[in-house]
Amino acid sequence: MTVAGVKNICVVGAGNMGHQIALSAAIAGYKVKTTDVNQEILQKAEQFVEKYLPDRVAKGKMSEEVAQAARSNISFTMSLEEAAKDADLVIEAVIEKLDIKHTLFRQLDEICPPHAILATNSSFIVSSKIAPVTKRPDKVCNMHFFNPALVMKLVEVVKGPHVSDETANTVMEVCKSMDKVPVLLKKEIYGFLVNRILAAINKEAFYLYDMGVAAYEDIDTAVVYGLGHPMGPFRLMDLTGIDLAYYIDTERYQETGDPANKPSPIVVEKFVKGEWGQKSGKGFYDYSKK
Ligand code: 3HC
């Protein structure tokens, strides 16, 4: 299937990444069905869309016509069957647990039309770990968006050894049609490009913090004003989720056995306390008053 064959997109997982990916696709003109097992998350996603589009129009960043079309292009359902049965492309954005992704991709493989591409937005799980549970491994690939997905242009498209050229090309073209900037990774590698670079920055930031060299607020200030990054590593972790940082480091440590990959003590502490960043109202910084 070429990009011309992609009309209907199903996004599974309506959390922060999922609903912004879904809305980006709806704004680009795709018919998008968004699904989640959690009704509250699904409702919040719909509320976000209902506020975001008029806000963009009021800000003069989007025409009324585009906003109205996007609203009618996106729908929400708790039924995976309903969301995926006519999908040409599925983008999965659920929790970063391999067993959950396996169960989901098995179901998607049964529900979706045979031509459908099944992509995962996973931050670190390569699609060759997921594809074997389906009967269409050539159509299972990584399509990795960045947070906040409505703003960040980059998408990493990862062509594992099982992924056909056609699938990779189609996903690249879909990204472009969504006004994104895709990069193709010709090989699977843990953390892809950006998260590997980010991990190196985070590792050094944690080292400096753990050594008592500076407060994390000051490390963030240094990175913002010394390197020109839009936000420092600790504030960025609050945005992407300290739970995600914990899962990434734990998985990496389990895979490699290298103690250097263990999550930092402060990440473990915040993970256990449920201080996961913006999504929980507190992480390294406090968001409860916003
Ligand atoms: N959702 C949607 N839009 C948002 C948003 C959000 N959460 N936050 C900000 N925006 C939009 C605003 O509406 C505004 O749009 P406009 O200019 O068109 O009107 C624009 O972004 C700028 O917003 P603000 O002026 O309020 O704030 P900033 O200028 O500080 O920008 C930011 C906020 C875009 C989040 C910026 O700080 C930034 O780029 N931060 C770095 C983000 C980053 O590095 N992301 C990648 C993380 S790694 C990742 O996601 C991989 C994963 O696997 C972990």
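All values derive from a computational prediction rather than experimental measurement.

Colleague: Would you explain the side chain of Thr34 in this entry?
Modeller: Considering the arrangement of structural elements, one finds Thr34 in strand β2 (residues 31–35). For Thr34, a relative accessible area of 0% translates into the label buried. Not counting residues within four places of it along the chain, the set of residues in contact with Thr34 comprises Val11, Ala14, Ala22, Leu42, Ile74, Ser75, Phe76 and Thr77.

Colleague: Hey, could you run me through the site of the ligand in this one?
Modeller: As a structural note, the neighbourhood of the ligand is formed by 18 residues, with Arg56, Lys59, Ser123, His144 and Asn147 the closest of them. A distance of 3.4 Å separates an oxygen atom of the ligand from a polar side-chain atom of Lys61. Asn147 has a polar backbone atom sitting 2.7 Å from a nitrogen atom of the ligand. Notes on the ligand: free accessible area 1000 Å², of which the protein chains cover 64%. Of all the secondary structure elements, the ones that give two or more residues to the shell around the ligand are α7 (194–210) and α9 (233–240). Here the residues of the shell around the ligand are counted per class, giving nine nonpolar, six polar and three charged.

Colleague: Would you mind going over the packing of helix α2 (residues 39–58) against helix α3 (residues 64–73) with me for this structure?
Modeller: Two quantities define a packed helix pair, namely the angle between the axes and the distance from one axis to the other. In contact at an axis separation of 9 Å, α2 and α3 are set at 170° when each is read in the N-to-C sense. In terms of their interaxial angle, α2 and α3 are classed as roughly antiparallel. Touching Glu46, Val49, Glu50, Leu53 and Val57 of α2 are Glu64, Ala67, Ala70 and Arg71, all from α3.

Colleague: What exactly am I supposed to notice about the sheet that holds strand β5 (residues 117–120) here?
Modeller: The strands making up a sheet associate through hydrogen bonds between their backbones, and the pairing can be parallel or antiparallel. Across the sheet, eight strands lie side by side as β3-β2-β1-β4-β5-β6-β7-β8; this open sheet has mixed pairing. Sheet topology places β3 (74–77) and β8 (181–185) at the edges, where each strand pairs with a single neighbour. Adjacent strand axes in the sheet meet at a mean angle of 25°, parallel and antiparallel pairs treated alike. The pairing of strand β4 (residues 89–92) with β5 spans four bridges and is classified as parallel. Among the inter-strand pairings, Leu89 is bridged to a residue of β5, identified as Ile117. Lying on the sheet, α3 is in contact with β2 and β3; it crosses β3 at an angle near 30°.

Rules behind the numbers
- Residue numbers here run from 1 along each chain, matching the order of that chain's written sequence.
- Residue-level local features of this predicted model are given only where pLDDT is at least 70; pairs of side-chain atoms are given and counted only at 80 or more, and the full residue set underlies all totals for whole chains, interfaces and linings.
- Excluding hydrogens and water, the side-chain figures rest on all heavy atoms present in the structure.
- Numbering goes from the N terminus for both helices and strands, where a helix is a DSSP run of H or I of at least four residues and a strand is a run of E of at least two.
- For each residue, the accessible area found with a 1.4 Å probe, counting protein chains only, is set against the maximum for its type, and the residue is called buried under 20%, exposed over 50%, and partly exposed in between.
- A contact between two residues is defined here by any heavy atoms of the two lying within 4.5 Å.
- Only a single heavy atom is needed: when it lies within 4 Å of a molecule or strand, its residue is near that molecule or strand.
- N or O atoms closer than or at 3.5 Å make up a polar contact, with two conditions inside protein: a donor-capable atom paired with an acceptor-capable one, and, for residues adjacent in sequence, both atoms drawn from side chains.
- Per-residue and other accessible areas were derived by the Shrake-Rupley procedure at a 1.4 Å probe size, with only the shown protein chains allowed to occlude residues.
- Residues are grouped as follows: Ala, Val, Leu, Ile, Met, Phe, Trp, Tyr, Cys and Pro are nonpolar; Asp, Glu, Lys and Arg are charged; every other residue, Gly included, is polar.
- Note on geometry: axes are lines fitted to C-alpha atoms, helical ones only across the stretch in contact, with angles between N-to-C directions running from 0 to 180 degrees.
- Throughout this description, any angle smaller than 35 degrees is read as roughly parallel, any larger than 145 degrees as roughly antiparallel, any in the 65 to 115 degree range as roughly perpendicular, and the remainder as oblique.
- Between any two strands, pairing holds if DSSP finds at least two bridges.

From the geometry alone we can't say anything about function, so treat these as descriptive.
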